Amino acid sequence: MAWVASIVLIAEALGIVFLNWFLGLVVDRQDMSLAGLDPRAMSIGAWVAGGLFGLYLVLCALVLVRAAVRDRGPGGFGRILLISAAVVHGLLGAFSIGLVGWLAFVFMMVVLALIVLTLVAYDRHENGVENGVENGAADGPAAPPASSSPEPTTP
């Protein structure tokens, strides 16, 4: 699942970078201005924002690739990074319904589901829970806990 999520995030990063590059060119060539802002500053801002967001998504994809290669969940920073990416995709999905349409919303929700599913799947795997049964629970009854009292026990 982490492999699929990383591939989708890399494709999304490329799409975001291309979209912001294109929007920056449109603003620059048509000499548009918004509330008196310099058109050149707006186009450079679009390029920088696209590049930074693309790098953010690629970093998230690299965390997922590392998790897939190691077959372990991401560490503290990686987990926080992926949770933030999930929140960003949830917010972008909510905004995209009205601004872009349902297809963009579905794409954002698929990416959100892939990120969350990867986080949850590795969390369950690391805690020893697989297929709904905890490791050791199917081996039979557990031994009673050892007494910590200094007195000897009789049979």
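Look up a bit, the structure's there.
Comments concerning helix α1 (residues 2–30)
Thinking step 1. With 29 residues, α1 extends 42 Å between its outermost C-alpha atoms, agreeing within 8% with the 42 Å of an ideal straight helix rising 1.5 Å per residue.
Thinking step 2. Residues A2, A5, S6, L9, E12, A13, I16, N20, G24, L25 and V27 constitute the buried set of α1.
Thinking step 3. Positive backbone phi, at 55°, marks D31, one or two positions downstream of α1.

Some details on the layout of surface pockets
Thinking step 1. Here the largest pocket defines a volume of roughly 200 Å³.
Thinking step 2. At the level of elements, α1, α3 (76–99) and α4 (102–126) are the ones that each hand at least two residues to the lining of the largest pocket.
Thinking step 3. With four residues, α3 is the single largest residue contributor to the lining of the largest pocket.
Thinking step 4. The residue makeup of the lining of the largest pocket, split by class, is nine nonpolar, two polar and no charged.

Quick notes on the packing of helix α2 (residues 39–70) against α3
Thinking step 1. Remark: α2 packs on α3, axes separated minimally by 10 Å, with the N-to-C direction vectors making an angle of 130°. Regarding the angle of α2 to α3, the classification is oblique. Handedness of the crossing formed by α2 with α3: left-handed. On α3, the residues that touch F53, Y56, L57, L59, C60, V63 and L64 of α2 are G78, L81, L82, S84, A85, V88, H89 and L92.
Thinking step 2. Split by residue class, the contact of α2 with α3 holds 12 nonpolar, three polar and no charged.

Quick look at the nonpolar core
Thinking step 1. Of all hydrophobic cores here, the largest spans 23 residues; its most connected members are L9, Y56, L57, C60, L64, L82 and I115.
Thinking step 2. Of all the secondary structure elements, the ones that give two or more residues to this core are α1, α2, α3 and α4.
Thinking step 3. No other element matches the eight residues that α2 contributes to this core.
Thinking step 4. Leave out the neighbours within four places in its chain, and L64 touches A2, A5, S6, L9, L82 and T118.

Here is what the cut-offs are and how they apply
Residues numbered from 1 in each chain as written. Predicted model: local features only at pLDDT ≥ 70, side-chain atom pairs only at ≥ 80, totals over all residues. Heavy atoms only, no water. Helix = DSSP H or I, 4+ residues; strand = E, 2+ residues; numbered from the N terminus. Expected span 1.5 Å × (residues − 1). Buried < 20%, exposed > 50% of the residue type's maximum accessible area, 1.4 Å probe, protein only. 1 Å grid on protein atoms, 1.4 Å probe; cavity = no way out; pocket = protein on both sides within 12 Å on 5 of 7 lines; lining within 4 Å. Points joined across faces, edges and corners; volume = space filled by probe spheres on them. Nonpolar A, V, L, I, M, F, W, Y, C, P; charged D, E, K, R; others polar. Axes fitted to C-alpha atoms, helices over the stretch in contact; angles between N-to-C directions. Parallel < 35°, antiparallel > 145°, perpendicular 65-115°, else oblique. Left-handed = near helix turned anticlockwise from the far one by under 90°. Contact = heavy atoms within 4.5 Å. Core = buried A, V, L, I, M, F, W, Y, C linked by side-chain atoms within 4.5 Å.

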